[in-house]
Amino acid sequence: MRFGVLGPTTVWTDDGAVVPVSGVKVRALLTHLALHVGTPVTADRLIEDLWDEPTRRNPAGALSAKVSQLRRALEDAEPGGRTLVVSPPPGYRLDVDPGAVDAVEFERLVADAQAGSDARRSVRTLERALALWRGPVCAEFADAEFTRPTVTRLDD
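The following refers to the structure shown. As the structure is a prediction and not an experimental result, all values here were calculated from the model.

**Brief notes about the pattern of salt bridges**
Then comes step 1: Inspection of the entire model under this criterion finds nine salt bridges.
Then comes step 2: Across the pair Glu140 and Arg27 runs a salt bridge, and its minimum N-O distance is 2.8 Å. With Glu140 in the loop between helix H5 (119–131) and helix H6 (148–155) and Arg27 in helix H1 (residues 24–35), this residue pair connects regions lying 113 residues apart in the sequence.
Then comes step 3: In this structure Glu140 comes out as partly exposed when scored by relative accessible area, which is 40%.

**Concerning the nonpolar core**
Then comes step 1: Phe3, Leu63, Leu70 and Leu94 are the most contacted members of the largest nonpolar core, which totals 43 residues.
Then comes step 2: Secondary-structure elements contributing two or more residues to this core are H1, helix H2 (43–50), helix H3 (59–77), strand E6 (91–94), helix H4 (102–115) and H6.
Then comes step 3: Per-element tally for this core: the top contributor is H1, with seven residues.
Then comes step 4: Among residues more than four places away in sequence, those in contact with Leu70 are Val21, Val26, Leu29, Leu30, Leu33 and Val85.

**What about the sheet that holds strand E4 (residues 41–42)?**
Then comes step 1: Strand order across the open sheet formed by three strands is E4-E6-E5, with antiparallel pairing between neighbours. Each of the sheet's edge strands pairs with one partner strand only, and the pair in question is E4 and strand E5 (85–86).
Then comes step 2: In this sheet, E6 lies alongside E5 in antiparallel orientation, the contact comprising two bridges. Within E6, the position partnered with Val86 by the bridge is Arg93.

**Section: the side chain of Thr125**
Then comes step 1: Position of Thr125 among the secondary structure elements: in helix H5.
Then comes step 2: In this structure Thr125 touches Leu109, Asp112 and Ala113, once residues within four positions along its chain are discounted.

**Examining H2**
Then comes step 1: What H2 keeps buried is the set Leu46, Ile47, Asp49 and Leu50.
Then comes step 2: Among the structural elements, H1, E4, H3 and E6 are those in contact with the buried residues of H2.

**Topic: the sheet that holds strand E3 (residues 18–19)**
Then comes step 1: An order of E1-E2-E3 is seen for the three strands of this open sheet, with the pairing classed as antiparallel. The open sheet is flanked by strand E1 (2–4) and E3, the only strands paired with a single partner.
Then comes step 2: Of the pairings in the sheet, the one linking E1 to strand E2 (residues 10–12) comprises three bridges and is antiparallel in character. What sits directly across from Gly4, in E2, is Thr10.

**Topic: a positive patch on the surface**
Then comes step 1: Judged by side-chain charge, Arg120, Arg121, Arg124 and Arg128 come together as a positively charged surface patch.
Then comes step 2: Among the secondary structure elements, Arg124 is positioned in helix H5.

Rules and cut-offs
Residues numbered from 1 in each chain as written. Predicted model: local features only at pLDDT ≥ 70, side-chain atom pairs only at ≥ 80, totals over all residues. Heavy atoms only, no water. Salt bridge = Lys/Arg side-chain N within 4 Å of Asp/Glu carboxyl O. Helix = DSSP H or I, 4+ residues; strand = E, 2+ residues; numbered from the N terminus. Buried < 20%, exposed > 50% of the residue type's maximum accessible area, 1.4 Å probe, protein only. Core = buried A, V, L, I, M, F, W, Y, C linked by side-chain atoms within 4.5 Å. Contact = heavy atoms within 4.5 Å. Pairing = 2+ DSSP bridges. Patch = residues over 30% accessible without salt bridge, like charges linked within 9 Å, V, L, I, M, F, W, Y side chains within 5 Å. Areas by Shrake-Rupley, 256 points an atom, 1.4 Å probe, with all protein chains shown as cover. Lys, Arg positive; Asp, Glu negative; His and termini not counted. Charge placed at Lys NZ, Arg CZ, Asp CG, Glu CD.

Pasting the structure below:
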């Protein structure tokens, strides 16, 4: 699967089909995990970032329910998809090659273009990088505190 945050948060299967991910909190969770691909995000951090005011009596249970919904959406799209969201203590991690996230691939392509000595090849590489953009970074969550550092860095 591939994951996109350079525009609306989107997941694609290996054959390019868009994976429906229902629910604002589930998409926010996916966005958070994609921005930290390969790195565990603590449950406390996710709860704080996804719920402005913890109005639920059981915030850990609410988070667990959203993780289950995300895993179900990924599994429904491709067998084994649920295993892409792992839960090492003390939180959750998107367990995919970082290059499967468009923002990571964008930054890699830009670095390759900057390091290259062939101007034409660098231009082609930058064109490939720009083609990954589908709109504002983390479009639906661009104003959220947890996306701000990434949005600012990539917009620059």
